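# A closer look at the structure
Take a look at the letters that make up each chain.
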Amino acid sequence: MSMVENRSTSEWKDLDRNHYMHPFTDHKDLSERRSRIITRAEGVYIFDSDGNKILDGMSGLWCVNAGYGRDSLVAAAANQLTELPYYNSFFQCANPPSIELSRVLREITQAQFNRAFFAGSGSESIDTMIRMVRRYWELMDQPERQIIIARKNAYHGSTVAGTSLGGMKAQRAQGGPTLPGIEHVDQPYWFGSDQTLSPEEFGLQTARTLARKIDELGANRVAAFVAEPIQGAGGVIIPPDTYWPEIQRICDEYGILLVTDEVICGFGRLGEWFGADHYAVKPDLMTFAKGVTSGYLPLGGVMVGDRVGDALIDKGGEFFHGYTYSGHPATCAVAIENIRILQDEKLVDRVKSDIGPYLQKKWHKLIEHPLVGETRMTGMMGALELVASKKPLQKFDSQQGVGTICRDFLVNNGLVMRAVGDTIVVAPPFTLSYEEADELVNKAWKSLDLTQAAVDNN
Ligand code: PXG
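A brief look at the structure comes next. The structure displayed is predicted, hence computed values, not measured ones.

### Here's the deal with the pairing of strand β7 (residues 222–227)
- The element β7 is largely enclosed, with a buried count of six among its six residues.
- Summarising the sheet, strand β5 (residues 147–151) and β7 pair through three bridges and their orientation is parallel. In the strand pairing of β7, I149 is matched with F225.
- Relative to strand β8 (residues 257–261), β7 is paired through four bridges, and the arrangement is parallel.

### Digging into the packing of aromatic side chains
- Inspection of every chain in the model, using the stated rule, returns eleven aromatic pairs.
- In textbook terms, an aromatic cluster arises when at least three aromatic residues are bridged by ring pairs, as seen for F118, F267, F274 and F288.
- Looking at K53, its charged tip hangs above the ring of Y45, at a distance of 4.3 Å from the centre.
- Taking NZ or CZ as reference, R145 lies 4.4 Å from the ring centre of W137, over its face.

### A word on the nonpolar core
- Ranked by size, the top nonpolar core spans 91 residues in total, and within it L105, I149, F225, W244, I247, F267 and M417 carry the most contacts.
- Among the domains, domain 1 (37–66 + 348–456) and domain 2 (72–344) are the pair contributing at least three residues each to this core.
- In contact with I247, other than residues within four places in its own chain, are A207, L210, F225 and L258.
- Counting residues in each nonpolar core, the second largest holds 24 residues, with I130, M132, L165 and V302 among its members.

Criteria and thresholds
Residues numbered from 1 in each chain as written. Predicted model: local features only at pLDDT ≥ 70, side-chain atom pairs only at ≥ 80, totals over all residues. Heavy atoms only, no water. Buried < 20%, exposed > 50% of the residue type's maximum accessible area, 1.4 Å probe, protein only. Helix = DSSP H or I, 4+ residues; strand = E, 2+ residues; numbered from the N terminus. Pairing = 2+ DSSP bridges. Phe/Tyr/Trp six-rings, centres within 6.5 Å; stacked < 30°, edge-to-face > 60°. Lys NZ or Arg CZ within 6 Å of the ring centre and 35° of its normal. Core = buried A, V, L, I, M, F, W, Y, C linked by side-chain atoms within 4.5 Å. Domains from an automatic or database assignment. Contact = heavy atoms within 4.5 Å.

Right, here's the structure in full:
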């Protein structure tokens, strides 16, 4: 039963152009084109209004971890909407799904995480985290510790707080001043470096830019370091193995809070429940969203480690922060069911030791293509670097838009992957079958051939 009109494709496209403003879009450019209208989805496939069946190599937007077409998620939402569609968690009220979800999250996270704070999205969870970090240091009688250090090219959402914390230059340059008290250090992007150091040495050196930054700012002014375990939107930047242990050591040495932004890496993407588990670091806070509900309903939040949680409780005083939809019963009910699916179907294990390694093996074969200068993948999150020449290594002029050309060939061949500059990124649902993994890689190869031909003809 759909409440939405059944319109023709051209009608949808016209209405879209005239009335619907898309996120992260050049609105002039889009007004001169037409959108692709996605009408339904099943398993790992999406379908557009022209009837094309497209393999979704991006799990929507890094979120549909359990795949499309899950009746039990629909039922969880419907049952909860019938029972109690909404009530707030302000004024000493709570509802069973939000309490139960907090309990479930405690079970699947590291031992220090005994409490959860809910928000409506990843950006909101970042906002909550920033306010909580600063509140913590106020409570610890060190209110001068306000500076939060993040990384260049990090993505932490697009609200004012997310834009300020994020390290994407073009995004930060828009819209006037960003929040004060935020600094950025280098990202562990070995392929993007001059490659004179070994990846291990490069990982250490990059991590140490954090220590230098703390020294430069004065350790007594620094509140926290925040980073995605693997940078997602920035191009699936997988750090060398030496990076995270050194980051942990530096945070411990200076006593600053360590926050992992698990919006993409959380809920199994790397083959462990959270990216922090994969890298064996012990964060004080973790932000999450996306995969917590496999994207079926919007939910975000912050896992609060005891260091911060105990301070908030022991020291008391109202924390003036929260959202209308903090602990929304229907979104929490969907999250509980989603986590049950991930557990019962052993989907996180599947990423770690079954379909993950299978896809990685196939993915790495793409290095044999003349256009591909590097392949990388951890769990089910990977990237390809498109290059003009492998030896000597030569990248394309970014003006050529080779990544976008490739992305367009991919989708026309029935596969969605994202282009981040000339980096092609992939993050399919955990339910991907072996055959679908083969299809993904075969379509990628074919699209690389077409991209090569288009570049050669230019
Ligand atoms: N943190 C991280 C690490 C993210 O990846 C957010 C925070 C913000 O979440 P919300 O729910 O507010 O969007 C994100 C979101 C892309 C893309 O093109 C990535 C995201 C969002 C939109 C596009 O890769 N990540």
